[in-house]
Each structure stands twice: as structure tokens, then as C-alpha cells.
Amino acid sequence: MDSVHDDVKEYYGKTIQTSCDLRTDTCQLGASSAADKLSVRQAIASVHDDILATYYGCGLCIPSLIEDARVVDLGSGTGRDCYAISKLVGPKGFVVGIDMTDEQLELARKYLTYHQEKFGYPAPNVEYRKGFIENLKDAQVEDNQYDIVVSNCVINLSPDKPSVIREAYRVLKEGGEFYFSDIYVQQDIPEHIRKHKVLWGECLAGALCWTDLEKYAEDIGFTKPRIVTARKVNVEDEKLLEVTGDIAFMSVTYRLFKVSKADCKTPAVVTYNGTLAEYETELPFDIENTFKANVPVNVDAELAEILRRSRYNKVFTIEDGAQCCNPKVAKNCPVDPYVYLNSDCSDASPGCAKSSGPKCC
Ligand SMILES: C[S@@+](CC[C@H](N)C(=O)[O-])C[C@H]1O[C@@H](n2cnc3c(N)ncnc32)[C@H](O)[C@@H]1O
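Since we're looking at a predicted model, the values are computed, not measured.

A.B. asks: Break down the overall build of the protein for me, with residues and values.
C.D. replies: The helix and strand tally for the protein stands at 13 helices and 13 strands. For the protein, contacts bridging at least 24 residues in sequence account for 79% of all contacts bridging at least 6.

A.B. asks: I'd like a description of the pattern of salt bridges, backed by residues and values.
C.D. replies: Scanning the entire structure with this criterion turns up 18 salt bridges. With a shortest N-O distance of 3.5 Å, Lys195 and Glu191 are connected by a salt bridge. Of the charged contacts, one joins Lys292 and Glu282 as a salt bridge, the two residues approaching to 2.9 Å between their closest N and O atoms. Linking Lys292 in strand E11 (residues 290–292) with Glu282 in strand E10 (residues 282–284), this pair joins segments that are 10 residues apart in sequence. A residue is classified by how much of its surface remains accessible, and Lys292, at 41% relative accessible area, is partly exposed. A residue is classified by how much of its surface remains accessible, and Glu282, at 32% relative accessible area, is partly exposed. Connected through salt bridges with shared partners, the residues Glu305, Arg308, Arg309 and Asp320 form a single ionic network.

A.B. asks: Residue-level account of the environment of Ile51, with values.
C.D. replies: By the element assignment, Ile51 lies in helix H3 (residues 49–52). Separated by 27 residues in sequence, Ile51 and Thr78 place their C-alpha atoms 5.9 Å apart. Residue contacts for Ile51: discarding those within four places in its chain leaves Thr78, Gly79, Arg80, Tyr83, Leu107, Ala108, Tyr111 and His115.

A.B. asks: Account for the site of the ligand, naming residues and giving values.
C.D. replies: Inspection of the region around the ligand gives 23 residues, with Tyr56, Gly75, Asp99, Thr101 and Gln104 positioned closest. Between a nitrogen atom of the ligand and a main-chain N or O atom of Met100, the distance comes to 3.3 Å. Its free accessible area being 590 Å², the ligand has 100% of it covered by the protein chains. For the shell around the ligand, the leading source of residues is helix H1 (residues 2–15), giving three residues. Partitioned by chemical class, the residues of the shell around the ligand number 12 nonpolar, nine polar and two charged.

A.B. asks: Explain the side chain of Gln116 to me, and be specific about the residues and the numbers.
C.D. replies: Positionally, Gln116 belongs in helix H6 (residues 112–119). Side-chain polar atoms of Gln116 contact the backbone oxygen of Pro122, separated by 3.2 Å. Setting aside residues up to four positions removed in sequence, Gln116 forms contacts with Tyr121, Pro122, Ala123 and Pro124.

A.B. asks: How would you sum up the packing of helix H2 (residues 38–45) against helix H4 (residues 80–89)? Please name residues and give values.
C.D. replies: Between H2 and H4, the shortest axis-to-axis distance is 8 Å and the interhelical angle comes to 125°. Classified by the angle between their axes, H2 and H4 sit oblique to one another. Every pair of crossing elements has a handedness; the one defined by H2 and H4 is right-handed. On H4, the residues that touch Ser39, Val40, Ala43 and Ile44 of H2 are Arg80, Ala84, Lys87 and Leu88.

A.B. asks: Now, about helix H5 (residues 102–110): what can you tell me, with residues and values included?
C.D. replies: All of the buried residues in H5 are Gln104, Leu105 and Ala108. Across the axial projection of H5, the buried residues extend over an arc of 95°, all falling on one side. Set apart from the buried face of H5 by more than 90 degrees, the exposed residues are Glu106 and Lys110.

A.B. asks: Run through the packing of aromatic side chains, naming residues and quoting values.
C.D. replies: Tallied over the entire structure, the rule returns 15 aromatic pairs. The interplanar angle of 85° and the centroid separation of 6.1 Å between the aromatic rings of Tyr111 and Tyr114 together place this pair among those described as edge-to-face. By relative accessible area, which is 9% here, Tyr111 ends up buried. Through successive ring pairs, a cluster of aromatic residues spans Tyr169, Phe178, Phe180, Tyr184, Phe222 and Tyr254. Taking the ring centre of Tyr279 as reference, the NZ or CZ of Lys37 above it sits at 4.8 Å. Between the NZ or CZ atom of Arg70 and the centre of the ring of Tyr146, over which it lies, the distance is 4.8 Å.

A.B. asks: Report on the side chain of Asp73, specifying residues and quantitative values.
C.D. replies: Within the secondary structure layout, Asp73 lies in strand E1 (residues 70–74). Of the side chains bearing the opposite charge, Arg80 lies closest to the buried Asp73, which forms no salt bridge; the N-O distance is 8.5 Å.

A.B. asks: Account for the nonpolar core, with residues named and values stated.
C.D. replies: Core analysis: the biggest nonpolar cluster contains 64 residues, and Val72, Leu74, Phe178, Ile183, Phe222, Phe249 and Tyr254 have the highest contact counts within it. Considering every element that reaches this core, the biggest residue donor is strand E5 (residues 172–185), with six residues. Summarising the domain contributions, this core has at least three residues from each of domain 1 (2–258) and domain 2 (262–341). Val47, Ile51, Cys82 and Leu105 belong to the second-largest nonpolar core, a separate cluster that totals 26 residues.

Analysis parameters
Residues numbered from 1 in each chain as written. Predicted model: local features only at pLDDT ≥ 70, side-chain atom pairs only at ≥ 80, totals over all residues. Heavy atoms only, no water. Helix = DSSP H or I, 4+ residues; strand = E, 2+ residues; numbered from the N terminus. Contact = heavy atoms within 4.5 Å. Salt bridge = Lys/Arg side-chain N within 4 Å of Asp/Glu carboxyl O. Buried < 20%, exposed > 50% of the residue type's maximum accessible area, 1.4 Å probe, protein only. Near = heavy atom within 4 Å. Polar contact = N/O pair within 3.5 Å; in protein donor to acceptor, adjacent residues only side chain to side chain. Areas by Shrake-Rupley, 256 points an atom, 1.4 Å probe, with all protein chains shown as cover. Nonpolar A, V, L, I, M, F, W, Y, C, P; charged D, E, K, R; others polar. Axes fitted to C-alpha atoms, helices over the stretch in contact; angles between N-to-C directions. Parallel < 35°, antiparallel > 145°, perpendicular 65-115°, else oblique. Left-handed = near helix turned anticlockwise from the far one by under 90°. Arc of directions from axis to C-beta. Phe/Tyr/Trp six-rings, centres within 6.5 Å; stacked < 30°, edge-to-face > 60°. Lys NZ or Arg CZ within 6 Å of the ring centre and 35° of its normal. Lys, Arg positive; Asp, Glu negative; His and termini not counted. Core = buried A, V, L, I, M, F, W, Y, C linked by side-chain atoms within 4.5 Å. Domains from an automatic or database assignment.

In C-alpha cells form, the structure reads like this:
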């Protein structure tokens, strides 16, 4: 454990200085794109250039509906996501970034006042704390205090991934969400690759098998991992490619909720009310579910409970146990990100639209 931490600190503290020093595109995926909401693009664009130049994430881990939220970022690096989220949660929200590498923390903290003033906040709403993501207690991150935990390309670097996921669960409030982007594989990675320090530092050698994520999430008590986006990672460096061979790495953004399974009892008919800014016509939730505004749809018991318990309850009406007359369930997208990538799930919409008459059946 200690030696992995030391190697990773060395990599992010000394070996690489900017995104340009990376030898694969792994940690540069997730720069914001035209597909992202304007508010997210603007929040990222408002982050200081020195921070943007040292961004090493592999996905966009900024979920919707985060105003006023309390957020923890696991492995916050120099703070691109923390600062962007700081703008989006507003002055009443709070963001704490956890990182173990002094050099990363130093650069992140250097721009606290810059961003506070730029966003016009009376006091900074971001804090960077030194700590290990496997043990957030030591960084004074207390139980059941946070609405959202995010993480961008960090869990693969941890030698003890179940502890990281368990800690995310511990610090979340009931109904809270773990929303994170990371690197995955579909088979065990051979030992000689696991031990390759550059490939580990580049976020590849420590990648989790996606089926293990499902297992850990279930054991710890989270809802099933829901895919938000999935894309292939390109290992462009020929020397590294010789070592990784035909292992296919993927960057996947998942969302997991802290909702008790025992409470996931009944399906429901849910209706998104269309009041969220930038999501007036529809609200994408995961690859299977995009909720059209004011259209009641059937959802299964777990999704019903997520919407009921989480911050999304502000924008949904939820009718218990109701049935559509044509109860086709949510489009059945594969949970395997590798299968998903080659499938046609991008136009997924949930459940069945209830027919407009007063009584359905
Ligand atoms: C690939 S960088 C990602 C940084 C940031 N999330 C971003 O998107 O720019 C990984 C970061 O995680 C930190 N890190 C890796 N393992 C960690 C651990 N076990 N505990 C705390 N921080 C860790 C490293 O110091 C580094 O800053």
C-alpha cells in the first residue's frame, strides 16, 4: 500500500508537470466538449489556466442538480473539478478536495482567493485537505455529511479500491450519490503490467475490472452502478502499447446511490417536471433513462427509490406502484460497458409513456 502511494505521489508530484507530459490520452479524456451543458462549460472555462494545464481527469464527473450541494472530490489533484463545482454549487454549497500529493495540493490552494473573487463569493466554498482516499476520517470527512462524492481518474491508482468505495458510502447522506469517472478493463490485468510503474501512473495498470466494481458496490450497499458515459481509451505511446498488448481499456462514468435495498420495494410511475434550468425538455439520467418533461413513465423499484430519496425528488412526482397500460420497462441497455459501446443505446428513453386519457387501462 505505502509503496504504491509513494510511486503515485512521485508520478503526480515530480514526474509529470502538466497534461502534456502524459504518455497516453487516458488522463486527458473528459475535457469539456460542445455536448456539455453551457453552465458546465462556463464553469470549467472560468478555472485558472494553471489549473486547467494540470488537469489529469478521464471523464466529466459533474452531475446535474448540484446547487447548494456539499461535495467531496476524491483525488482532487490541482482542483479543476473542485473549482468548477464550486461555481456550480454556489456560495451556499461546499466542496472539499482530498489529495495525498503535496505538489498538487499546493497548486490547488494557490488559487483559492482567485476563484473566490472571480465567483464573487463572500468566503471560499472550497477546501483542499491532505489525505488518503482509502481513509477519509483522517482528513476529517465525517459520516453522512455529503450530498455527492465525485472522483476523476483516481480509484484506479488506489491499491485498495474497496476501501475507497466504502469511504464514499460512509460520508454520503442517505440518498447521496457517488458520481465518478475511471478506467476499467474486462479481464484481469497480468502481474507484470500491474507492476509497471508508468502504466500505473498513467491510470491504466491499476484499472478495475467493471464486474468487480459491480460486486464491490453491491457488497457495500450502493445501488447498481449506472453508466452515464463510456468510451475507449487509446494507448498512443508505442512502447507502452507493446506492454499492454490487446488489453482494451475504457473510461466509464458511473453513478451509484446510497439507497437502502430493503426500501426498493415497488415500481412507480414518475414524472419529471421540467423545472431544471438547461433541462427544460428532458433530463438525461443514465444510458437507459432520459426523462422527458411532463411525461409519466414506469420505473423499477430501485430507480423509484433513488428518485424518492435523492436530491432529484425536488423535480419529480412519484406515484407508488402504479402501472402503465403498456408496461414496457426501460430500454434494456447492457450493463457491460464493452457491449454498450457497440450497441445502439444512445437514444434511450425510459419506461412507457402513459397514454393521455384519464384512466390508462
Ligand atoms: C490522475 S490524477 C487526477 C487528478 C484530478 N482528479 C483531475 O481530474 O485532474 C490523480 C490524483 O489522485 C491523487 N491520488 C492518487 N491516489 C490517491 C490516494 N490513494 N489518496 C489520495 N490521493 C490520491 C494523486 O495525488 C493525483 O493528484
